[in-house]
Amino acid sequence: MKQSSCKIIGLTGGIASGKSTVTNLLMGKGFKVIDADKIARKVVCVGEPAYMDIVDEFGERILNEDLSIDRIELGKLTFQDGNMRKRLNSIVHPRIFQAIKDEVDKYSKMEKFIFLDIPLLVEELEKIKAKGINIDEIWLVYVDEKTQLERLKKRDGFSDEEALARMRAQMSMEYKKKYADKIINNSGSLEELKEKVEILTKSLK
């Protein structure tokens, strides 16, 4: 069942593609954006059910001194081991998707458009739909692999090997293009990106 007359647009991309920049541009234009990463941080706060399950699964080695989850340490473990990554996703994703659904239900009553900023949108599309989240369009923030690699190395200080491991942990950008209704090529400058977002948002109906 469609969420009232509100149009739901899924926004996704690869690591270091510039998706967060596009999200900020959309919010600057007054659009409602539901950010899966922000929700992910909330569902793993100390004492939350997902937090307890993660500690049970991975042990106290992934905790900071204040008992919060060390996202960097947990990221190292899961990026190095595909099975660990699947186990983590099985704990966190259902709770994230439910929280997204709750927010969509809330804001669809008052917004004409809602953007869902979900990094693994394509990878988890069927599970998202199963939660009753009906996505009308998918916008992909795209960069070529060479640009993606250089930006990731510069942003996070990774070596080639470290950056490539994180890129390979995600579905390729080329494959994601098959699912996209709109492709925002972010291989150029920030000004070029702003212009592309401006054109797309003006075309919304």
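Quantities reported herein were computed from a predicted structural model and do not represent experimental measurements.

### Re the overall build of the protein
Within the protein, the regular secondary structure consists of 10 helices and five strands. A principal-axis box enclosing the C-alpha atoms of the protein has dimensions of 50 × 40 × 30 Å. Across the 205 residues that make up the protein, the buried fraction comes to 44%. In the protein, 73% of the contacts between residues at least 6 apart in sequence involve partners at least 24 apart.

### Side note on the pattern of salt bridges
Within the structure shown, the criterion is met by 16 salt bridges. When the shortest N-O distance is used, the salt bridge between Lys7 and Glu137 registers 3.0 Å. Placement of Lys7 in strand S1 (residues 7-13) and of Glu137 in strand S4 (residues 137-142) is noted, with a sequence separation of 130 residues between them. A salt bridge links Asp117 to Lys19, with the shortest nitrogen-to-oxygen separation between them at 2.5 Å. Of the two residues, Asp117 is situated in strand S3 (residues 113-117) and Lys19 in helix H1 (residues 19-28); the sequence distance between them amounts to 98 residues. Residue class for Asp117 comes out buried when judged on its relative accessible area of 2%. You can call Lys19 buried: its relative accessible area is 8%.

### Some remarks on H1
Quick reminder: α-helices carry 3.6 residues per turn. Residues three or four places apart thus point the same way. Among the residues making up H1, those that are buried are Lys19, Val22, Thr23, Leu25 and Leu26. Along H1, the residues classed as buried sweep out an arc of 160° about the axis, all on the same side. With its phi angle positive at about 95°, Gly30 sits one or two positions after the end of H1.

### Observations concerning the pairing of S3
Among the five residues that make up S3, five are buried, leaving the element largely enclosed by the rest of the structure. Side chains Phe113, Phe115 and Asp117 project from S3 onto one buried face, and the interleaved Ile114 and Leu116 project onto a second face that is buried too. Pairing geometry for S1 and S3, over five bridges, is parallel. Paired with Ile9 across the two strands is Phe115, which belongs to S3. For strand S2 (residues 32-35) and S3, the ladder comprises four bridges, and the chain directions are parallel. What sits directly across from Val33, in S3, is Phe115.

### Topic: the packing of aromatic side chains
What the rule picks out here adds up to four aromatic pairs. Between the aromatic rings of Phe115 and Trp139, the centroid separation amounts to 5.1 Å while the plane-to-plane angle is 70°, which identifies the pairing as edge-to-face. Of this pair, Phe115 sits in strand S3 while Trp139 sits in strand S4; the two residues are 24 residues apart in sequence, bridging distant segments of the chain. Look at Tyr175 and Tyr179: their rings are 5.7 Å apart centre to centre, the planes differ by 50°, and that puts the pair in the tilted class. Judged by its relative accessible area of 34%, Tyr175 falls in the partly exposed class. One aromatic cluster is present, built from ring pairs that chain together Phe31, Phe113, Phe115 and Trp139. If you follow Lys32 out to its NZ or CZ, it ends over the ring of Tyr107, 4.0 Å from the centre. Residue placement shows Lys177 over the ring face of Tyr142; its charged tip is 4.5 Å from the ring centre.

Criteria and thresholds
Residues numbered from 1 in each chain as written. Predicted model: local features only at pLDDT ≥ 70, side-chain atom pairs only at ≥ 80, totals over all residues. Heavy atoms only, no water. Helix = DSSP H or I, 4+ residues; strand = E, 2+ residues; numbered from the N terminus. Buried < 20%, exposed > 50% of the residue type's maximum accessible area, 1.4 Å probe, protein only. Contact = heavy atoms within 4.5 Å. Salt bridge = Lys/Arg side-chain N within 4 Å of Asp/Glu carboxyl O. Arc of directions from axis to C-beta. Pairing = 2+ DSSP bridges. Phe/Tyr/Trp six-rings, centres within 6.5 Å; stacked < 30°, edge-to-face > 60°. Lys NZ or Arg CZ within 6 Å of the ring centre and 35° of its normal.

Any functional reading would require information beyond the geometric quantities listed.
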